[in-house]
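# A look at the structure
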Amino acid sequence: MQVTWKPTIVAFCCNWCSYAGADLSGTNRLQYPANVKIIRIPCSCRLNPMFILRAFQKGADGVILCGCHPGDCHYTTGNYYARRRMTLLFSMLDFLGIEKGRTRVEWVSAAEGAKFAATMNEFVKTITELGENRRLEDLRCKE
Amino acid sequence: MQGVKEKALELLASGKAQRVLGWKTGEFFYDLTPGVFESAEEVEREFEYGVFAGANLSKYCIAESKKDGVTAVFLKPCDAYSFVQLLKEYKVKREKFYIVGVQCDGMCDMEKIRAAGISGATAVSEDGDTLKISTIYGEETMKKSDALLLKCKTCKSKKLVIFDELLGEQGEDCPESHRFDEVERLERLSPEERFSFWRGELSRCIRCNACRNVCPACTCETCVFDNHNLGTDNKAAASDFEENFFHIIRAFHVTSRCTDCGECSRVCPQHIPLHLLNRKFIKDTNELYGAYQAGADLESRPPLMDFRKDDCEPSVVYERGGAKG
């Protein structure tokens with residue numbers, strides 16, 4: 001029997017845009033894989049780098065942050081800060097030898113339901129090709 | 001450097017300072033540790049300055065800042081950067097300190113002396129570029145440049161950015177420090193090689209938290225890693241991601257505030273090159289957001305507390321330098 005492995009994706013979505021964008025893609029009946037787990041955050045800038053690493057430790061295979069387009073932040077400037085932080089964090093993960101494709105930032109507005117679904121489809125495809133996350137897992141954190 | 005101890009005595013006697021923050025001999029003659037001296041007798045008995053005074057005293061200023069009166073503190077160039085950074089973050093009060101800037105031409109590492117095959121050392125003194133080492137087997141000499149601490153080998157600046165009084169000459173930045181060379185070497189490796197390098201280094205971590213405790217930029221009253229509910233405040237038995245997690249976050253939390261004083265690597269009992277993580281962040285911020293030196297002044301905004309509308313997107317990481325993964 002062949003077991004087909006499916007990746008676990010954690011998507012951190014900003015309450016004011018991407019979360020609504022995910023909703024819109026649902027009401028529009030656009031399909032995206034069910035292994036994307038959405039976590040709602042008040043702003044992309046709320047994403048503590050620890051959350052990302054923790055998601056990986058607990059068994060996520062890919063983590064994506066979706067926020068408002070730069071300039072459209074509900075709190076005016078939150079995503080500008082998030083952008084710098086994520087750039088540096090991703091660069092550090094790369095420096096430590098973690099596969100580059102496992103983390104991503106995408107700007108998705110509340111009106112971009114189609115973009116949300118397309119992004120998720122593409123991200124799941126990338127992660128499926130990368131395979132299981134072995135380099136960042138933490139056995140003690142798993143059930 | 002002569003005159004440091006004398007200066008401590010003079011400052012106490014003149015009443016300019018109520019106490020002196022300096023160095024004293026620890027368990028061995030080569031582990032000078034920070035110490036607070038309140039009387040001339042204490043200074044006479046314990047104060048010590050020499051080629052092993054690598055400890056950065058800035059972090060201890062946070063505690064001294066809460067005491068009454070003025071504390072005289074000795075700061076080497078790299079410590080002065082840390083002090084300015086603490087001032088910038090309102091962690092120390094300027095008026096509570098009388099700063100004696102001490103010019104420094106590098107501090108030594110006992111391990112390096114041992115590695116050169118000199119054992120049984122009982123005293124070390126410097127004479128220009130030469131170290132004179134008295135051992136139980138007789139006198140030995142070695143070049144000082146071979147015995148320097150890792151952080152001193154790639155010294156970024158000999159400029160004292162803050163002082164009330166100066167011992168020695170004011171120095172200059174060292175643009176030819178080559179401090180990013182090792183980071184660049186790692187960047188050129190393949191992701192697999194980098195992963196096994198860091199797994200090898202970081203899995204030696206015993207989570208003693210020395211790197212965190214010594215860091216002048218780590219000044220939170222309660223650290224996120226002191227949270228027992230996290231379930232990861234101890235060492236994992238297997239080689240696991242936990243050490244990476246701790247060290248990534250430790251370095252990330254001081255990004256754009258780290259002055260690159262190198263204390264983390266100096267105190268690591270496992271000799272993990274932790275400063276490379278900090279330097280990677282410094283190198284990235286310099287390249288992506290413009291050159292920035294934490295602690296160089298009080299006015300500039302740290303890169304992570306600032307932004308530009310035309311900053312690069314995080315996807316830039318997938319395209320730039322190093323081996324592709």
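A quick note: this is a predicted structure, and the numbers were derived from the prediction, not measured.

## Let's talk about the domain arrangement of chain B
Interfaces are often described in size by the accessible area the parts lose on coming together. Residues and elements named next belong to chain B. By domain assignment, chain B separates into domain 1 (1–107 + 154–176), domain 2 (110–147) and domain 3 (179–318). Each partner contributes residues to the interface: domain 1 has 19 residues there, and domain 3 has 24 residues. Taken together, both faces of the contact between domain 1 and domain 3 bury some 1800 Å²; the carbon and sulfur share is 53%. Three residues, Lys59, Lys88 and Lys156, lead the burial of domain 1 against domain 3; their summed loss comes to 33% of the area buried on that side.

## Considering the pairing of strand β5 (residues 121–127) of chain B
Residue and element names in this part refer to chain B. As paired strands, β5 and strand β6 (residues 130–135) are joined by six bridges and run antiparallel to one another. Paired with Glu126 across the two strands is Leu131, which belongs to β6. Hairpin connection, β5 to β6: the antiparallel pair is bridged by two residues, and Gly128 has positive phi, about 65 degrees.

## Some thoughts on the pattern of salt bridges
Residue and element names in this part refer to chain B. Applying the stated criterion to the full structure yields 32 salt bridges over all chains. Between Lys132 and Asp127 there is a salt bridge whose closest N-O contact spans 3.6 Å. The class for Asp127 is partly exposed, based on a relative accessible area of 44%. A salt bridge links Lys283 to Glu287; its shortest N-O distance comes to 3.1 Å. Within this pair, Lys283 and its partner Glu287 are both found in helix α12 (residues 275–289), separated by four residues, close to a single helical turn. A relative accessible area of 47% places Glu287 in the partly exposed class.

## A look at the interface of chain A and chain B
Taken together, the contacts link 37 residues of chain A with 55 residues of chain B. Buried area between chain A and chain B, both sides added, is near 4200 Å², and the carbon and sulfur share of it is 65%. Taken together, the links from chain A to chain B amount to four salt bridges. Taking the shortest distance from any N to any O, the salt bridge between Arg194 of chain B and Asp94 of chain A comes out at 3.0 Å. Of all the secondary structure elements, the ones that give two or more residues to the side of chain A that touches chain B are α2 (49–57), α3 (78–95) and β4 (103–107) of chain A.

## Some details on unusual backbone geometry
Residues and elements named next belong to chain B. The phi dihedral of Tyr90 is positive, around 55 degrees, even though this residue is not glycine. Judged by relative accessible area, Tyr90 falls into the exposed class, the value being 75%. The phi dihedral of Asp260 falls on the positive side, at around 65 degrees, and the residue is not glycine. You can see Asp260 is positioned in the loop between α10 (242–253) and α11 (263–267).

## Comments concerning the side chain of Thr255 of chain B
Assignment of secondary structure puts Thr255 of chain B in the loop between α10 and α11. Of the polar contacts made by the side chain of Thr255 of chain B, one reaches the backbone oxygen of Phe252 of chain B; its length is 2.9 Å. Contacts of Thr255 of chain B, omitting those with residues within four sequence positions, involve Leu88 of chain A together with Phe281, Thr285 and Leu304 of chain B.

## Some words on the side chain of His275 of chain B
Residue and element names in this part refer to chain B. Turning to its location among the elements, His275 is positioned in helix α12. Assessed through its relative accessible area of 8%, His275 is described here as buried. A distance of 2.5 Å separates a polar atom in the side chain of His275 from a polar atom in the side chain of Ser265. Leave out the neighbours within four places in its chain, and His275 touches Leu150, Cys264 and Ser265.

## Re the environment of Arg185 of chain B
All names here are of chain B. Positionally, Arg185 belongs in helix α7 (residues 181–188). In this structure the C-alpha to C-alpha distance between Arg185 and Lys156, which are 29 residues apart in sequence, comes to 19 Å. In terms of polar contacts, Arg185 uses its side chain to reach the side chain of Glu182, at 3.0 Å.

## Description of the packing of aromatic side chains
Tallying each qualifying case throughout the model produces 19 aromatic pairs over all chains. Seen in terms of ring centroids, Phe95 of chain A and Trp198 of chain B are 5.8 Å apart; in terms of plane orientation they differ by 55 degrees. Their pairing is tilted. Here Phe95 of chain A, found in helix α3, pairs with Trp198 of chain B, found in helix α8 (residues 191–202), and the two come from separate chains. Residue Phe95 of chain A is classed as buried on the basis of its relative accessible area of 1%. Geometrically, the ring pair formed by Tyr30 of chain B and Phe52 of chain B is edge-to-face, given 6.4 Å between the ring centres and 65 degrees between the ring planes. Taken together, the residues Tyr30 of chain B in the loop between β1 (19–25) and β2 (32–37) and Phe52 of chain B in the loop between α2 (40–46) and α3 (60–64) connect sequence positions 22 residues apart. By relative accessible area, which is 22% here, Tyr30 of chain B ends up partly exposed. The exposure class of Phe52 of chain B is buried, given its relative accessible area of 9%. Linked through ring pairs, Trp23, Phe37, Phe47, Tyr49 and Phe74 of chain B together constitute an aromatic cluster. Taking NZ or CZ as reference, Lys156 of chain B lies 5.0 Å from the ring centre of Tyr81 of chain B, over its face.

Rules used in this analysis
- Residues numbered from 1 in each chain as written.
- Chains lettered and ligands numbered in written order.
- Predicted model: local features only at pLDDT ≥ 70, side-chain atom pairs only at ≥ 80, totals over all residues.
- Heavy atoms only, no water.
- Domains from an automatic or database assignment.
- Contact = heavy atoms within 4.5 Å.
- Buried area = accessible area lost by both parts, 1.4 Å probe.
- Pairing = 2+ DSSP bridges.
- Helix = DSSP H or I, 4+ residues; strand = E, 2+ residues; numbered from the N terminus.
- Salt bridge = Lys/Arg side-chain N within 4 Å of Asp/Glu carboxyl O.
- Buried < 20%, exposed > 50% of the residue type's maximum accessible area, 1.4 Å probe, protein only.
- Polar contact = N/O pair within 3.5 Å; in protein donor to acceptor, adjacent residues only side chain to side chain.
- Phe/Tyr/Trp six-rings, centres within 6.5 Å; stacked < 30°, edge-to-face > 60°.
- Lys NZ or Arg CZ within 6 Å of the ring centre and 35° of its normal.

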